[in-house]
Amino acid sequence: MEKDYILSLEGITKEFPGVKALDDVTIRVERGTIHGLVGENGAGKSTLIKVLAGIYQPNAGQVVLEGEKRHFNNPIEARRAGISVVHQEIKLAEPLTVAENMFLGNVMMKGKLVDWKGMRRRAREIVDDLGMDIDVNAQVSSLTVARKQIVEIMHAINNNSKILIMDEPSAVLTDRELAVMFRIVKQLRDKGITIIYISHRLDEVFDLCSNVSVLRDGQHIKTMPIGEVDRQGLINMMVGREMGQEYPKVAGQIGDTILEVRNLSCGILQDISFEVKAGEVFGISGLVGAGRTELARAVLGIDRIQSGEVYVRGKKVRYHGFSGAIRDGLGLIPEDRKLQGLVQIMTVRQNATLVNLKGVIKGGIIRRSLEDRYSREYCEKLRVVTPSMETEVQYLSGGNQQKVVIAKWLFQGSEILFLDEPTRGIDVGAKAEIYRLINQMVQEGKTVIMISSEMPEILGMCDRIMVLHEGHKMGELMAEEASQEKIMALCT
């Protein structure tokens, strides 16, 4: 039987100065299916989506929608043709209500007046149809991230979208929120809406998608039914090589206790005690809201401790700000590298030496030659892929941005590093590089404290795992006795 393609991308090429982001990409998407789109950071996924959404115009090739050749000069034209995008970063008018956001760009009118009552009624119909408990009169700023994403989906439904593109929709969702999102996605598919689903989480691609397309270095590698490939085969196509072990844990030489926390309370955290040994990868697990990030911030002096004690190398410390922790050799790779880990408009050179300015100052002046020398040394050590040290970090891929954050702390000489969601939003190849760096750090005698929502990562890389639930420590597990089931039992 001949397949019914709602969308065909025929020979799409997109060039930027000095870069061919897409090279003769041809992908066809079947009507009423969930179609996965995977690839490493920099593979061309975002560029392809922007071509589809009318943000970019291709240098060559053709978009064919329902058998008709189309050219979108802007996002409004693409949206009117039935193509909507739910971006990873929420793009809503936060001060407006749910109903008002659902009708942005498509306001209902009654004569010359806005039909507010009609819009609220239609918004409630869509909410009820999806089986959601959302107040259409609520201000969007009051909603959780998951519900904001659902509002974006409802906005697309209200625009009569035929194709819904979802770009990393699960990046900041809890497992419970993810289950709701999956239900809605499948519901939309059953209503005949075609979904293009982009995710670094391959388990989601296998759970949801009927077909998957792989991009690598701007080229289309293959499109196939999901049943014709396994996880490792998909990874190999994405990175263009055999990846080997997904979590290449190498045991470090574990020494004496280097960090000890006794009966710490701060905000949500209640009476937390634990110790970490030198050369260890110590995992902190728990559901979103368990207090994992809050614990790191309290230990590092970013947030004030209400009660309890912190010992570093056997010495009791009480930090009034992050600077004291930095002086004692502690560092933080934060959850949000873009806002908290880097200065986006500064260069790789400047970011890599930002924490340790003393190391590049002579005679009270920052020496460019020292910045060049040390930034290049650490970026080469960490295999940072960048056109030059003068490239602004905002133009690097997520994985390379994360390496620059790590370079910054290694140049500072930090011996105890908190890594908060170190591989969030980066591809499988870049993840392998981050794991390699963790191994390298512990083999050099450094200590890593890893906070992660990805349980396979925690299980695959950590020597010991502490589990938190609603600000309480529920237990500790050695790597050899830990399992997803045991961790989840403690998490909940």
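Residues numbered from 1 in each chain as written. Predicted model: local features only at pLDDT ≥ 70, side-chain atom pairs only at ≥ 80, totals over all residues. Heavy atoms only, no water.

**Quick word on the packing of helix 4 (residues 116–129) against helix 5 (residues 145–158)**
For step 1, the next point in the chain: Axis separation between helix 4 and helix 5 bottoms out at 11 Å; the angle between their running directions is 115 degrees. Of the possible angle classes, the one that applies to helix 4 and helix 5 is roughly perpendicular. Considering only the axes of helix 4 and helix 5, their crossing is right-handed. Contacts between helix 4 and helix 5 involve Arg122, Ile126 and Val127 from the first element and Met154, Ile157 and Asn158 from the second. (Axes fitted to C-alpha atoms, helices over the stretch in contact; angles between N-to-C directions. Helix = DSSP H or I, 4+ residues; strand = E, 2+ residues; numbered from the N terminus. Parallel < 35°, antiparallel > 145°, perpendicular 65-115°, else oblique. Left-handed = near helix turned anticlockwise from the far one by under 90°. Contact = heavy atoms within 4.5 Å.)

**Looking at helix 8 (residues 231–239)**
For step 1, the next point in the chain: The set of residues buried in helix 8 consists of Leu234, Ile235, Asn236, Met237, Met238 and Val239.
For step 2, the next point in the chain: Elements that come into contact with the buried residues of helix 8 comprise strand 3 (34–38), helix 7 (202–208), strand 11 (211–216), strand 12 (219–225) and helix 15 (428–443). (Buried < 20%, exposed > 50% of the residue type's maximum accessible area, 1.4 Å probe, protein only.)

**A closer look at the pattern of salt bridges**
For step 1, the next point in the chain: Taken as a whole and judged by the stated rule, the model has 33 salt bridges.
For step 2, the next point in the chain: A salt bridge links Arg31 to Glu66, with the shortest nitrogen-to-oxygen separation between them at 3.0 Å. One end of the pair, Arg31, is in the loop between strand 2 (19–30) and strand 3; the other, Glu66, is in the loop between strand 4 (60–65) and strand 5 (68–70), with 35 residues separating them in the sequence.
For step 3, the next point in the chain: Overall, Glu66 belongs to the partly exposed group, its relative accessible area being 36%. (Salt bridge = Lys/Arg side-chain N within 4 Å of Asp/Glu carboxyl O.)

**Details of unusual backbone geometry**
For step 1, the next point in the chain: For Arg383, which is not glycine, the phi torsion reads 55 degrees and is therefore positive.
For step 2, the next point in the chain: Note that Arg383 resides in the loop between helix 13 (368–381) and helix 14 (398–412).
For step 3, the next point in the chain: Residue Arg383 is classed as partly exposed on the basis of its relative accessible area, which comes to 46%.
For step 4, the next point in the chain: Not every positive phi belongs to a glycine, and Glu470 is a case in point at roughly 50 degrees.
For step 5, the next point in the chain: Mapped onto the elements of the fold, Glu470 is located in the loop between strand 23 (464–469) and strand 24 (472–478).
For step 6, the next point in the chain: Take Glu470: its relative accessible area is 52%, and that puts it in the exposed class.

**Considerations on a positive patch on the surface**
For step 1, the next point in the chain: The grouping of Lys110, Lys117, Arg120, Arg121 and Arg124 at the surface amounts to a positive patch.
For step 2, the next point in the chain: Top contributing element to the positive patch by residue count: helix 4, with four residues.
For step 3, the next point in the chain: Inspection of the secondary structure puts Lys110 in strand 7 (residues 109–110).
For step 4, the next point in the chain: For Lys110, a relative accessible area of 60% gives the class exposed. (Patch = residues over 30% accessible without salt bridge, like charges linked within 9 Å, V, L, I, M, F, W, Y side chains within 5 Å. Areas by Shrake-Rupley, 256 points an atom, 1.4 Å probe, with all protein chains shown as cover. Lys, Arg positive; Asp, Glu negative; His and termini not counted. Charge placed at Lys NZ, Arg CZ, Asp CG, Glu CD.)

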